[in-house]
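# A closer look at the structure
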Amino acid sequence: MTTAPKSPAADLAPTGVLRASINLGNPVLAQGTPEAPGGITVDLAREIGARLGLPVELLCFDAARKSFEAMADGRADLCFLAVDPARETEVAFTAPYVVIEGVYAVPRGSALTTVEEVDAPGVRIGVKKGSAYDLFLSRNLVHATVVRGEEGVDTFRAEGLEAGAGIRQPMTAYAAAHPDVRLIEGRFMEIRQAVGTTVGRRPETVAFLRDAVEELKANGFVAESLRRSGQEAGLLAPPA
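Residues numbered from 1 in each chain as written. Predicted model: local features only at pLDDT ≥ 70, side-chain atom pairs only at ≥ 80, totals over all residues. Heavy atoms only, no water.

To continue, consider the state of the cysteines. Counted according to the given criterion, the structure contains 0 disulfides. Here Cys 60 is not disulfide-linked; the sulfur of Cys 79 is the nearest cysteine sulfur, at 14 Å. On the basis of relative accessible area, Cys 79 is assigned to the buried category, the value being 0%. (Disulfide = S-S within 2.5 Å. Buried < 20%, exposed > 50% of the residue type's maximum accessible area, 1.4 Å probe, protein only.)

As structure tokens, this is what we get:
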């Protein structure tokens, strides 16, 4: 007897509950507390759950690496992470729904003025361990050194490093609150935030997620969610 193929709901959430991994460490994507999270990733998780007819459980973490580990370990069914080759061994991604920028902070008196100048011998860059920009810089820097910590900008400050790396929005707020720090103009990377699930899911399940993300970008859902959570609607990713 031929077994009927699993529906996307059964394939994506074998426990009957859609377990979504939420990274509260990225304030563009999620805000609030583990008990009461909000933001674009929370809205997307709930909308995907509603489309599948599934209850949603939000698993909140304070760093992308922890969110990724929950996905890889089978504790989560859905994640919201930046697309990166190091993660694609475990995660099947949609196209991005949001694109943010990675930028550098330096001491106000620093001689460093361009992104290119940061990749130089003797330059140490503070990063959040396991973040998208940690993965990117670790692959792409030729001369500068990555120094990992719980928060890149805190590591930069605590250890007296030459630069700190992070996401533009919180880095801009940090520089505004610390007059002895400035941002270097321009970005060192685009961070493409996407929905993901484990690579072992059926192709039809991944296609469902990819189609849902494109529809939610096109119909204004993503832009409106960003606006409600105090983020710029201009972060919306272009169509795939």
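This is not the end of the story, as more comes after the structure.
Another point: the pattern of salt bridges. When charged atoms on two side chains of opposite charge get close, those side chains can pair. For the structure on display, the rule yields 20 salt bridges. In this structure, Asp 73 engages Arg 75 in a salt bridge whose closest nitrogen and oxygen atoms are separated by 3.3 Å. The salt bridge partner of Arg 202 is Glu 204, with a shortest N-O separation of 3.3 Å. For Arg 202, a relative accessible area of 23% gives the class partly exposed. Residue Glu 204 is classed as partly exposed on the basis of its relative accessible area, which comes to 43%. (Salt bridge = Lys/Arg side-chain N within 4 Å of Asp/Glu carboxyl O.)

With 13 residues, helix H2 (residues 40-52) ought to run about 18 Å at 1.5 Å a step, and its terminal C-alpha atoms sit 18 Å apart, in line with that. Of the residues trailing H2, Gly 53 is marked for its positive phi of about 70 degrees. (Helix = DSSP H or I, 4+ residues; strand = E, 2+ residues; numbered from the N terminus. Expected span 1.5 Å × (residues − 1).)

Per the stated rule, a full pass over the model turns up 2 aromatic pairs. Among the aromatic residues, those joined into a ring-pair cluster are Tyr 104, Phe 136 and Phe 188. (Phe/Tyr/Trp six-rings, centres within 6.5 Å; stacked < 30°, edge-to-face > 60°.)

To continue, consider the nonpolar core. When a protein is soluble and globular, its nonpolar side chains tend to lie buried together. Counting 53 residues, the largest nonpolar core has Leu 78, Phe 80, Tyr 97, Tyr 104, Ile 125 and Leu 137 as its most contacted members. Ranked by the residues each element gives to this core, the list is headed by H2, at 6 residues. Each residue touching Tyr 104, except ones within four places of it in the same chain, is listed here: Val 115, Val 118, Ile 125, Leu 137, Leu 141, Gly 164, Ala 165, Met 171, Arg 182, Leu 183, Ile 184 and Phe 188. (Core = buried A, V, L, I, M, F, W, Y, C linked by side-chain atoms within 4.5 Å. Contact = heavy atoms within 4.5 Å.)

Across the 17 residues of strand S6 (residues 91-107), 14 count as buried, placing the element largely inside the fold. Inspection of the sheet shows S6 paired to strand S11 (residues 189-198) by 9 bridges, in the antiparallel sense. By the bridge assignment, Gly 102 is partnered in S11 with Met 189. In terms of strand pairing, S6 meets strand S9 (residues 163-167) through 4 bridges, oriented antiparallel. Paired with Tyr 104 across the two strands is Ala 165, which belongs to S9. (Pairing = 2+ DSSP bridges.)

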